[in-house]
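Structural overview for review
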Amino acid sequence: MPCLAWAQPSAPAELAGMALRGQGRLRFLGLHIYDIRLWSPEPLGSDWTAQALALELIYARSLKGPLIAERSLKEMRRQGDIPEAKAQAWLAAMNAAFPDVGENDRLVGRHAPGEPARFWFNGAPRPGQLDAEGSRWFFGIWLSPRTSEPTLRAQLLGGAR
């Protein structure tokens, strides 16, 4: 089986002070959806929610922002029950944060313990911040043990290359 070699990318401005920790590729029904990179100032410990980190997604195809937000909420709900009022507030924040994307567009999200999640699209800050609780659930889409993509989680956390 061929090994996928990744070049060490330089960090964009919104990732200053962070180092690349892991990366992978999401495919759905064989289609390349996006590449994803995990960045953090320090290697992640067993409780990633207690550390600063960022995820950088580089899209391989066009997707509508509202569909990205809806799918994100669906994946967040895999981790446990979310009260409907919170779910709707988080969906509104994600709808504001996630624009329509095309091939090679970059969406970066930053998580910091106890702070709202922040997002950038192609280097420009986005409105629509998730509160601190929403941030944990959002980044859990990829980093929670209850993710729908355990192989991708292992690649991000450095368990598989």
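Now for a description of the structure that goes with this document. Keep in mind it's a predicted model, so treat the numbers as computed, not measured. (Residues numbered from 1 in each chain as written. Predicted model: local features only at pLDDT ≥ 70, side-chain atom pairs only at ≥ 80, totals over all residues. Heavy atoms only, no water.)

1. Focus: the environment of Tyr-34
The line we're drawing: Numbering goes from the N terminus for both helices and strands, where a helix is a DSSP run of H or I of at least four residues and a strand is a run of E of at least two. Three labels apply to residues, based on accessible area from a 1.4 Å probe with only protein chains included: buried if under 20% of the type maximum, exposed if over 50%, partly exposed otherwise in between. By definition, residues are in contact when any of their heavy atoms lie within 4.5 Å. In the analysis that follows, any N or O atom pair within 3.5 Å is treated as a polar contact, provided that within protein one partner can donate a hydrogen and the other can accept it, and provided that, for residues neighboring in sequence, both atoms belong to side chains.
Looking at the secondary structure, you find Tyr-34 in strand 2 (residues 31-40). Accessibility expressed as a relative area gives 9% for Tyr-34, which makes it buried. Each C-alpha atom, one on Tyr-34 and one on Gly-80, is 25 Å from the other, the two residues being 46 residues apart in sequence. When neighbours within four sequence positions are excluded, Tyr-34 is seen to be in contact with Gly-24, Arg-25, Leu-26, Leu-57, Ile-58, Tyr-59, Ala-60 and Trp-142. A distance of 2.8 Å separates a polar atom in the side chain of Tyr-34 from a polar atom in the side chain of Trp-142.

2. Focus on the nonpolar core
The line we're drawing: Definition used in this section: a nonpolar core is a set of buried Ala, Val, Leu, Ile, Met, Phe, Trp, Tyr and Cys residues joined via side-chain atoms within 4.5 Å.
By size, the foremost hydrophobic cluster in this structure holds 36 residues, and its most contacted members are Phe-98, Phe-138 and Trp-142. Secondary structure elements with two or more residues in this core: strand 2, strand 3 (53-59), helix 1 (65-76), helix 2 (84-97), strand 5 (118-121), helix 3 (132-143) and helix 4 (150-156). Once residues within four sequence positions are removed from consideration, Trp-142 is found in contact with Tyr-34, Ile-36, Leu-55, Leu-57, Thr-147, Leu-152, Arg-153 and Leu-156. Counting residues in each nonpolar core, the second largest holds seven residues, with Met-18, Leu-20, Trp-39 and Trp-120 among its members.

3. Thoughts on helix 3
Operational definition: A helix's residues, less one, multiplied by 1.5 Å, set its expected span.
For helix 3, spanning twelve residues, the distance from its first C-alpha to its last is 16 Å, which sits close to the expected 16 Å at 1.5 Å a residue. The element helix 3 is extensively covered by neighbouring structure, given that ten of its twelve residues are classed as buried. When helix 3 is considered as a whole, its buried residues turn out to be Ala-132, Gly-134, Ser-135, Trp-137, Phe-138, Phe-139, Gly-140, Ile-141, Trp-142 and Leu-143.

Purely spatial values, then, with no claim about function.
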